[in-house]
Each structure stands twice: as structure tokens, then as C-alpha cells.
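If you want the building blocks of each chain, they are given just below.
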Amino acid sequence: MTKTPVGRKLGQRVKKGKLKASSRRWLERHINDPYVQRAKLEGYRARAAFKLLEIDEKHQILKGARRIIDLGAAPGSWSQIAAKVTSSTEDDIRVAAIDFLEMAQIPGVKFLELDFLDPTAPDKLMAAVGGTPDVVLSDMAAPTTGHKKTDHIRTMHLCEVAAYFAVEVLAEGGHFLAKTFQGGTEHDLLAMLKQNFRQVIHIKPASSRQESVEMFLLAKGFKGRKAGNDDEADHAEDDAPEVSG
Ligand SMILES: C[S@@+](CC[C@H](N)C(=O)[O-])C[C@H]1O[C@@H](n2cnc3c(N)ncnc32)[C@H](O)[C@@H]1O
């Protein structure tokens, strides 16, 4: 049995008892997950922190960001990172976050407990972040229904709405990162992103569970809301995005 830096042993089993087999398997996977243990050790609210940190290490999307919007933020590990990189404080808020679930307060993060699909959400987020954001993050995943295709379509819809929001609000040169699913990003959405950003790639970070179909869509270098992007759209549709590990 391997010991982790927090002193917890990996390879632990949960005793057969009252738990259903599927719940026991989930619990075993959770307590034996090195990223869960690392998140505890480093003070992050979720293992998801390492997906963002890993993507940032390779693609440098957070460096120099002054304002960040975090969509689907609870329990808050991406917001913790966003507050740190923007040096956001309660007196000078530079991070706005939204989730329909409750989230415990993070200093320097203005949190909206609201559905991002609510028509008032975009304006409220912009008022909360206090200026033009350099980065829009979305880790939103629709609540699972047990019907894979429905879950897939709902999460892809969230990704799409987030992408259109990003091109409405981002600063020139800004970046958009969103959760998507393997093989799932719609052709029209990719074309729109390629028209508006200098680089569009799919990423599967090592910290994203290998058995999960989750991937991330990264659109880097927003070209801005000036006229003239239209004629590039025809060419943008031709090439599939590069996939990065
Ligand atoms: C994977 S979790 C996010 C984890 C987060 N990035 C972190 O680091 O702690 C996905 C979140 O998206 C939220 N979500 C899903 N659909 C949403 C919507 N329509 N509006 C707001 N939040 C949503 C869920 O409630 C959930 O908390």
C-alpha cells in the first residue's frame, strides 16, 4: 500500500455493509485518489483545482489576468486560484463566480447563487466582476439524469452558452476555457470559436479521470469585437482542433 504526502494510504478498501456496491466503489475511488488527498493538503476545495493548474502550466492562460469570471464555480477551487492570480481582495474584487449550488465565501470572489442560463446572469456577472474580464472559465456540468445522452446534450449546451457569453464580454487577447465531452464539441461552435480566437484546442489533463469522457475546450487569444472576423469564418470551419494532453 502506497502512502501519500498527507500520510493517508492509497489502496484502501471500504468494508461491505450498508452501502450499495456502486456507492462503495465511488467512496473507494475517492479516498484512494491522490488528487483528492493533494487538494486537502494544499487547501483546495476540490481536486478540480489540478485540472486548471495543469492546463495553465502548459498553456499559460492565467498569467497577467486582471479579471476572471468562473462559471459553475462550486465548491470553489477554480475561484480560489482565480482570486490568487488576480490578487483579488474584498476591497478590489476581480473575480465573479456563479453556481446554482451554494458556495462558501472566498475572499476576493463575488459569488452569485444563480443559474447561468437565467437571462439576468450575464449582466449580473459583469456588474460583479467590475470590468472587462481577461479570462472566462466554465467547469459547468449539468446534473446527471442517469441518461447519458441527455446529460451529454445538456452539458454541451452549457458549454455553447458559455462560449457565446465569452465572445460578448472578453477583453482582446483574452482566453476561454470550458468543460466539454470527448468528440462532443459541435461543428458550428468550433467554427465560431476559430473565427474569434487565434487558437482553439481540446485538452485532456492527466488529472481528469481517464475513464471520464470529460475534456476541456481552450480558445486562446480573443481577436476582439471588431468588424472583420466574418470573412475568416469560412476558412476556420475546415480544420479540426488539435488535441493536447
Ligand atoms: C465540476 S463542478 C465545478 C467545480 C469547480 N470548478 C471547482 O473547482 O470547485 C460543476 C458545477 O457546475 C454547476 N452548474 C451546472 N449547471 C449550472 C448552471 N446552469 N448554472 C450555474 N452552475 C451550474 C454545478 O452546480 C456544479 O457545482
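None of these values were measured; they are calculated from a predicted model. (Residues numbered from 1 in each chain as written. Predicted model: local features only at pLDDT ≥ 70, side-chain atom pairs only at ≥ 80, totals over all residues.)

Student: I tried to follow the overall build of the chain on my own but got confused; where do I start?
Tutor: When its secondary structure is counted, the chain shows 8 helices and 8 strands. Intrachain contacts of the chain at a sequence separation of at least 6 include 63% that bridge at least 24 residues. (Helix = DSSP H or I, 4+ residues; strand = E, 2+ residues; numbered from the N terminus. Contact = placed C-beta atoms within 7 Å.)

Student: Any chance you could explain the site of the ligand here in plain terms?
Tutor: Contacts to the ligand come from 23 residues, most closely from A48, G72, S77, F116 and D139. Sorting the residues of the shell around the ligand by element identifies α4 (77–85) and β2 (95–99) as the ones contributing at least two each. (Near = placed C-beta within 6 Å.)

Student: Any chance you could explain the UniProt feature "active site" (unreviewed entry) in the chain here in plain terms?
Tutor: In this structure's numbering, the residues bearing the UniProt feature "active site" (unreviewed entry) are K179. On the secondary structure map, K179 appears in strand β5 (residues 175–181). Look at K179 and you get buried, because 23 C-beta atoms sit within 10 Å. (UniProt positions renumbered as here; feature names shortened; annotations may be inferred. Buried ≥ 20, exposed ≤ 12 C-beta atoms within 10 Å, placed from the backbone.)

Student: It is not clear to me how unusual backbone geometry should be interpreted in this structure. Could you clarify?
Tutor: Excluding glycine, a negative phi dihedral is what most residues carry, and trans is how most peptide bonds are arranged. Cis geometry is adopted by the peptide bond preceding P75, which originates at A74 and carries an omega value of 5°. Considering the arrangement of structural elements, one finds P75 in the loop between β1 (68–71) and α4. A positive phi is found at Q60, a non-glycine position, where the angle reads about 50°. Locating Q60 in the fold gives a position in the loop between α3 (49–59) and β1. For Q60, a count of 11 C-beta atoms within 10 Å puts it in the exposed group.

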